[in-house]
Amino acid sequence: MHDAGKVIPGIIAFVLFVTVPFWTNFGKAAPKPQPEIPKEYKKCVESKEFMRREHMKLLRKWRFDVVRNNMRIYINSEGKPINMSLQNECLRCHSSKKKFCDVCHDYVAAHPYCWNCHIPPEERKGWATKEVKSLTEEASSEQPASHH
Amino acid sequence: MGAVFALVTVLAFVMVVYLGVGVAGLKGLFGIVVPYAAFLVFLLGMVYRMIDWAKIPVPFRIVTTCGQQKSLRWIKRSRLESPYNNFEVVLRMILEVFAFRSLFRNLKAELKGPNLIYGSYKWLWLGAIAFHYAFFTILLRHLRFFTYPVPEPIQILDQVDSFFHIGLPHLYMTDVVILAALTFLFLRRLADPKLRYISLASDYLPLFMIYGLVISGILMRHFFKVDVTQVKEFTMGLVHFKPKAPDVGVIFYIHLFFISALMAYFPFSKLVHMVGVFFSPTRNLANNSRAVRHEPAPWWKKPKFKTYCEWQEDFKEQLIESGQPIDEDCYKKK
């Protein structure tokens with residue numbers, strides 16, 4: 001081999017560069033995100049699979065319908081009417097942003113901008129119980145009228 | 001026609017994955033075996049290519065120059081167009097690799113009536129640089145699937161790329177740029193008859209494979225959604241050598257198959273210019289053969305010369321018979 005002094009470091013650099021994901025993760029345990037599911041509520045707006053895939057599109061549609069079209073009722077695939085509201089509807093069950101939203105968002109490094117406008121729920125000990133529901137409603141009713 | 005062959009090949013890829021994963025349910029094969037095999041082919045193939053090239057002797061300085069070489073002191077020389085030492089070679093190389101300087105010199109030749117006219121033509125350079133930088137950014141961005149916690153620079157890159165907040169998930173600028181650049185690079189080949197004539201299937205296939213990769217990625221992000229958390233669990237499994245094929249839509253497997261195919265194809269196609277550029281003797285040498293005596297080719301052996309003394313020894317009798325003078329210096333002991 002000619003110019004081994006230049007070629008071999010080059011090959012090493014190339015191999016290191018293309019195997020970055022392998023050696024940077026070497027020895028670390030593969031993390032597994034486990035968002036806490038509300039215990040007392042069994043069903044989300046749509047099926048679990050749909051929500052995992054498309055919740056962001058659904059929320060975007062809701063925002064558009066409420067803000068632009070003044071439509072507040074979403075009819076889900078089962079024909080059930082649902083109040084289109086992040087704070088009053090989604091967060092009623094998923095009352096901890098930290099234990100639910102952030103778990104996967106941090107995992108895949110997604111940066112949703114929901115909380116630029118919306119107020120995340122206060123972190124409470126009683127997670128996803130009926131009592132918390134009423135507390136959340138109280139908290140949301142304290143907000144200025146423009147948020148309703 | 002090459003383009004048709006390449007298109008059929010790429011469509012066949014999609015069909016194979018659709019039948020394999022969507023119909024036959026071979027998720028382990030397409031999710032684990034194929035990507036690992038492809039990466040192995042890529043890694044070993046590229047290393048093999050580099051070693052193979054490094055074995056080839058380059059006995060001559062065959063630098064492509066387009067400027068005045070180093071000459072007499074009062075003649076102005078061009079350091080970048082005709083590098084004289086390794087430092088200038090490195091500078092030229094950096095500009096070539098990062099700025100595609102040689103493409104910037106691209107010209108267009110056109111017949112205007114009886115005259116052949118040459119003109120500046122920067123579009124190829126623009127398309128190429130847009131494509132390469134967009135592709136590189138997309139590649140870096142994908143590190144968010146292979147690291148945890150995701151490094152801050154990668155997160156910032158992601159947010160800058162989706163700066164305009166179009167749609168949700170946000171549209172990436174690089175996705176738009178790479179699609180535009182690919183479309184240009186493809187149409188460029190089709191539009192010019194001369195270029196169309198010299199374009200082969202191996203020119204179109206990489207283009208179409210990257211097209212397929214980009215389009216499947218965009219479709220997956222914005223249209224046929226997949227559960228991205230499961231996808232990341234899978235990719236993290238891949239790098240930890242504990243992969244578990246994810247239970248997501250076929251579109252993900254199509255995307256994965258395109259990148260696998262591209263990786264496996266890489267060392268055996270024109271795409272290998274990624275490392276080839278560093279091995280180009282027309283670019284990586286200094287144009288100094290007038291000043292430096294370079295090592296001759298390795299197969300060059302010093303010929304067996306016969307000195308005058310040896311010759312005189314061979315024909316000594318004849319020389320004396322014919323009265324020629326004998327060089328006495330040959331018999332002096334030193």
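Residues numbered from 1 in each chain as written. Chains lettered and ligands numbered in written order. Predicted model: local features only at pLDDT ≥ 70, side-chain atom pairs only at ≥ 80, totals over all residues. Heavy atoms only, no water.

This part covers the pattern of salt bridges. Residues and elements named next belong to chain B. Summed over all chains, the structure comprises 23 salt bridges over all chains. Put simply, K194 and D192 hold a salt bridge, and the shortest N to O gap is 3.5 Å. Given a relative accessible area of 53%, K194 falls into the exposed group. Salt bridges here are not isolated pairs; linked through shared partners, they connect R77, R79 and E88. (Salt bridge = Lys/Arg side-chain N within 4 Å of Asp/Glu carboxyl O. Buried < 20%, exposed > 50% of the residue type's maximum accessible area, 1.4 Å probe, protein only.)

A few words on the state of the cysteines. For the coordinates displayed, the defined rule picks out 1 disulfide over all chains. A disulfide bridge connects C309(B) with C330(B), and the sulfur atoms are separated by 2.0 Å. Between C309(B) and C330(B), the disulfide has an S-S torsion of -80° and is therefore left-handed. Taken as a pair, C309(B) in helix α13 (residues 308-314) and C330(B) in the segment after α14 (316-321) lie far apart in primary sequence, 21 residues in all. No disulfide involves C114(A); its nearest neighbouring cysteine sulfur is the one of C101(A), lying 7.3 Å away. On the basis of relative accessibility, which here comes to 23%, the residue C114(A) falls in the partly exposed class. (Disulfide = S-S within 2.5 Å. Helix = DSSP H or I, 4+ residues; strand = E, 2+ residues; numbered from the N terminus.)

Residues and elements named next belong to chain B. For K316, the location among the structural elements is in helix α14. For the pair K316 and K232, spaced 84 residues apart in the sequence, the C-alpha separation amounts to 89 Å. Setting aside its immediate chain neighbours within four residues, K316 contacts I326 and Y331. (Contact = heavy atoms within 4.5 Å.)

With that out of the way, let us pick up the packing of helix α1 (residues 2-23) of chain B against helix α11 (residues 250-265) of chain B. Residues and elements named next belong to chain B. The interhelical angle for the contact between α1 and α11, taken along N-to-C directions, is 130°, at an axis separation of 9 Å. The angle between α1 and α11 places the two elements in the oblique class. Crossing hand, α1 versus α11: right-handed. Between α1 and α11, the contacting residues are V10, F13, V14, V17, Y18, V21 and G22 on the first element and V250, Y253, I254, F257, F258 and A261 on the second. (Axes fitted to C-alpha atoms, helices over the stretch in contact; angles between N-to-C directions. Parallel < 35°, antiparallel > 145°, perpendicular 65-115°, else oblique. Left-handed = near helix turned anticlockwise from the far one by under 90°.)

A few words now on the nonpolar core. Counting 66 residues, the largest nonpolar core has F42(B), M46(B), L182(B), F208(B), M209(B) and F252(B) as the members making the most contacts within it. Excluding anything up to four places from it in sequence, F252(B) contacts M220(B), V226(B), V231(B), F234(B) and P246(B). Counting residues in each nonpolar core, the second largest holds 13 residues, with M51(A), V66(A), C90(A) and C101(A) among its members. (Core = buried A, V, L, I, M, F, W, Y, C linked by side-chain atoms within 4.5 Å.)

The next point concerns the environment of I156(B). Looking at where I156(B) falls in the secondary structure, it is placed in helix α6 (residues 152-161). For the pair I156(B) and G22(B), spaced 134 residues apart in sequence, the C-alpha separation works out to 36 Å.

The final tally for this structure, using the stated rule, is 22 aromatic pairs over all chains. Taking 6.3 Å as the distance between ring centres and 40° as the angle between the ring planes, the aromatic pair formed by F39(B) and F42(B) counts as tilted. Taken together, the residues F39(B) and F42(B), both in helix α2 (residues 27-55) and 3 residues apart, mark about one turn of the helix. There is no split in this pair, since F39(B) and F42(B) are both buried. Ring centres of W311(B) and F315(B) lie 5.4 Å apart, and the angle between their planes is 45°; this geometry places the pair in the tilted category. Residue classification places W311(B) among the partly exposed positions, given a relative accessible area of 35%. In this structure an aromatic cluster arises from ring pairing among F14(A), F22(A), Y36(B), F39(B), F42(B), F241(B) and F266(B). (Phe/Tyr/Trp six-rings, centres within 6.5 Å; stacked < 30°, edge-to-face > 60°.)

Structural measurements only, silent on function.
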